[in-house]
Amino acid sequence: MDPHTVWNRIMDSVKEEVDALEFNRWFASIKAIKLDENILTIEVPNQFVYERLENQYLHLLKKGVKNELGNKGKLEYQLLMPDFKNAGTKAKTKTNPVAVNTKDLSNYNPFVIPGIKTYHVDPNLNEQYQFDNFIEGDCNRVARQAGINISKNPGRLFNPLIIYGGVGLGKTHLAQAIGNGLKQNFPDQKLTYISTDKFTNQFIMAVKNNSANEFANFYNNLDTIILDDIQFLAGKAGTQEVFFHLFNHLQQGNKQIILTADRAPKDLVEIEDRLISRFKWGLTIELTQPDFETRLAILLSKLDKLKIELPMDVCEFIAMKLKDNIREMEGVLISLVAQSTINKKAITKELTDEVISEYSNKASKSLGMDDIIQIVCDQLKVDRELLLTKTRKSHIVQARQLATYFTRKYVKSLSLKNIGEYFGGKDHSTVLHSCKVVENMIQTDPSFKDTANLIEKKILKTIRVK
Ligand code: ADP
Ligand code: MG
């Protein structure tokens, strides 16, 4: 039997005894993770929930465990979050008073609190991403070698390590390969990989649930953190603040910090200077576009893994055509194979060419500022070039304001500063002012409102097509 089935059955019996609200509060977040003979291991969010189960629901759980696993049945806890009252140093956690208590009571208590070893940090790594299958070329040699070195000697060589570069050039692959390498070399490493988006959301939830302390403790306890795509810290002052403290704490303890970004630290926008200046303490390496030979080598290694054979001229054709994004190259490969299987067509250069143009149309960047400017100019019959000059002619000004307003609304990746720079070095207050003007006009001028609506409809349609 698998742990989930057993746990679900125990939960069915618990549900009969407690009301839904109580159930959701104390049981719903628990996961069964292991069943070893008669010991069922469950993952409990934190010490608090554990204590509540102990004090209030022990009898129900005991009954369930006995029914499902017999008299010798036992339940073991794993805490997802450390006990933040007693955590801090490893030594303290070992003498966690609760663990001692539980041991004393073990005569009649089916629960065992495991020691520090089983304290659970999910590394969150994808095992597909290894150094072995990260093909080396001039574009990534330094980064790959630095990564290999770090995986043998974390926390001491390059801290932080920052890998930056364009989309699909292998930042996530390399960062994860370092994580996987570290886990292989040091299985006990408390290491976690997390995207900046997820990190931000976790922090927001923690604040909302009054558990910001636990959040900080969890991350402070790590030996290595891999934070992917830190450009998304832009404008998130609260997350930047916790990350700043986390960074200092980990760095002072010689714990390894690995960061990735889509641009060089100095070009990051809306990120506090004190963070940027810390990023400069370590090693910053750019991943550049791979040359033709490297692209071909990557392609051949992917084919190998997928156990697909392609004519060499087709491989060369793909490597020649797709220059700036490895992910796109993989995408084309997969559509190509799918197309040829479904339509029973041989994979030729011609078919490849079709697939590439179809693919790059579909994948062509999501809606950007250029698209919006184009739509506004078309609608208002304004010359695009004029819009980007400094002319103060009123209908041009209006077009510029509309483009600014909709860019702000739909292109979330651009900051006010970015938008201002695009329109000839306007500062962010000018951008905000333009947006206010448009909002006011929409409310007060019906014909302006109609125009704005038409433009917005076109924008939405473009988003849907893309
Ligand atoms: P990024 O995070 O920079 O956007 P990813 O790490 O997600 O890019 O890489 C995109 C895809 O390209 C992944 O499937 C990755 O395995 C592959 N890739 C990139 N560079 C290499 C490389 N040097 N060798 C093998 N695969 C690579
Ligand atoms: Mg990535």
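Residues numbered from 1 in each chain as written. Chains lettered and ligands numbered in written order. Predicted model: local features only at pLDDT ≥ 70, side-chain atom pairs only at ≥ 80, totals over all residues. Heavy atoms only, no water.

## Overview of the pairing of strand β3 (residues 74–79)
- Along β3, 5 of the 6 residues are buried, which leaves the element largely enclosed by surrounding structure.
- Pairing between strand β2 (residues 39–44) and β3: 6 bridges, direction parallel. Bridge pairing in β3 links I39 to K74. (Buried < 20%, exposed > 50% of the residue type's maximum accessible area, 1.4 Å probe, protein only. Helix = DSSP H or I, 4+ residues; strand = E, 2+ residues; numbered from the N terminus. Pairing = 2+ DSSP bridges.)

## Observations regarding unusual backbone geometry
- Here N159 and P160 are connected by a cis peptide whose omega angle stands at 0°.
- Among the structural elements, P160 can be located in the loop between α6 (141–152) and β5 (161–164).
- Backbone geometry places D229, a non-glycine residue, at a positive phi of 65°.
- Its location among the elements puts D229 in the loop between β7 (224–228) and α10 (237–252).

## Regarding the confidence of the model for the protein
- When pLDDT is averaged across the protein, the result is 84; 89% of the residues are at 70 or more.
- Residue range residues 83–119 is modelled with pLDDT below 50. Its contacts to residues more than four positions away, or to other chains, number 58 contacts. (pLDDT = per-residue confidence, 0-100. Contact = heavy atoms within 4.5 Å.)

## A few points about the packing of helix α12 (residues 292–306) against helix α13 (residues 312–321)
- The geometry of α12 relative to α13 is characterised by a closest axis approach of 9 Å and an angle of 125° between their N-to-C directions. By the angle between their directions, the pair α12 and α13 is classed as oblique. For α12 against α13, the interelement crossing comes out right-handed. Across the interface between the two elements, F292, R295, L296, L299, L300 and L303 of α12 pack against M312, C315, E316, I318, A319 and M320 of α13.
- Considering only residue class, the contact of α12 with α13 consists of 10 nonpolar, no polar and 2 charged. (Axes fitted to C-alpha atoms, helices over the stretch in contact; angles between N-to-C directions. Parallel < 35°, antiparallel > 145°, perpendicular 65-115°, else oblique. Left-handed = near helix turned anticlockwise from the far one by under 90°. Nonpolar A, V, L, I, M, F, W, Y, C, P; charged D, E, K, R; others polar.)

## A word on the environment of A403
- Residue placement: A403 occurs in helix α18 (residues 394–410).
- Sequence spacing of A403 and S434 is 31 residues, and the spatial spacing of their C-alpha atoms is 9.4 Å.
- If we ignore the near neighbours within four places in the chain, the residues touching A403 are I372, I373, V376, L387 and F423.

## Some details on the nonpolar core
- Counting residues in hydrophobic clusters, the biggest one holds 29 residues, and the most contacted among them are F199, Y219, I230, F243, L259 and F279.
- Those elements that provide at least two residues to this core are β5, α8 (196–208), α9 (212–220), β7, α10, β8 (256–261) and α11 (273–279).
- Tallying contributions element by element places α10 first for this core, with 5 residues.
- With residues near it in sequence (within four places) discarded, F279 still touches P160, I162, I230, F243, F247, L259, P265, L268 and T284.
- Formed by 26 residues, the second largest nonpolar core is a distinct cluster that contains M369, I372, V411 and F423. (Core = buried A, V, L, I, M, F, W, Y, C linked by side-chain atoms within 4.5 Å.)

## Some words on the pattern of salt bridges
- For the structure shown, the criterion picks out 15 salt bridges.
- Among the salt bridges present, the one from R141 reaches E136, with a minimum N-O distance of 3.0 Å.
- What makes E136 partly exposed here is its relative accessible area of 28%.
- Through salt bridges that share partners, E136, D138, R141 and R144 make up one connected network. (Salt bridge = Lys/Arg side-chain N within 4 Å of Asp/Glu carboxyl O.)

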